[in-house]
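# Structural overview for review
Each chain, letter by letter, is given below.
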Amino acid sequence: MESAIKTVVTTFLSSTRGKESLEGGAFQKLVKKQFGGMMEDANCSSAVKEMQQGLDADHDGKVSFQEYLTLIGYLANSVSERKAGANANAS
C-alpha cells in the first residue's frame, strides 16, 4: 500500500514538472500514459478535456493534487466494483 501511495504522488509530481497543478496538455498526457488501460476514452482528447473540466472544482483550468486524487478515487472505486461484481458472478 505504501508503494502505491508513493507512486500516485510521484506520478503527479513528475507530470506537473515542478508546477503545483496539471495544465491541459500535461493532464491529457498523464491520462493517456497512466490510465489508458483502465479508461475507454483515455485516447480521446475531447473526452479527457471534459473529464478535466469535471475534476476542476475551483474552475482554474488546472487539475490540482486534490482534484487528481478525486480521479484516483473514482478509478479505484471502479476497479473495486468490477472485482466485486466478478466475485459475485463466480459464486
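Our subject is the structure listed above.
Before going further, it helps to spend a moment on the overall build of the protein chain. Looking only at helices and strands, the protein chain features four helices and zero strands. The secondary structure elements of the protein chain, listed N-terminal to C-terminal, are α-α-α-α. Taken along the three principal axes of its C-alpha coordinates, the protein chain extends 45 × 30 × 25 Å. The proportion of buried residues among the 91 residues of the protein chain is 27%. A fraction of 47% describes how many contacts in the protein chain between residues 6 or more apart in sequence connect residues 24 or more apart. Carbon and sulfur atoms make up 53% of the accessible area of the protein chain, which amounts to about 6300 Å² in all. Taking the average place of the 10 positive charges on the side chains of the protein chain and the average place of its 11 negative ones, the gap between the two points comes to 10 Å.

Calculation criteria
Residues numbered from 1 in each chain as written. Predicted model: local features only at pLDDT ≥ 70, side-chain atom pairs only at ≥ 80, totals over all residues. Heavy atoms only, no water. Helix = DSSP H or I, 4+ residues; strand = E, 2+ residues; numbered from the N terminus. Buried < 20%, exposed > 50% of the residue type's maximum accessible area, 1.4 Å probe, protein only. Contact = heavy atoms within 4.5 Å. Areas by Shrake-Rupley, 256 points an atom, 1.4 Å probe, with all protein chains shown as cover. Lys, Arg positive; Asp, Glu negative; His and termini not counted. Charge placed at Lys NZ, Arg CZ, Asp CG, Glu CD.

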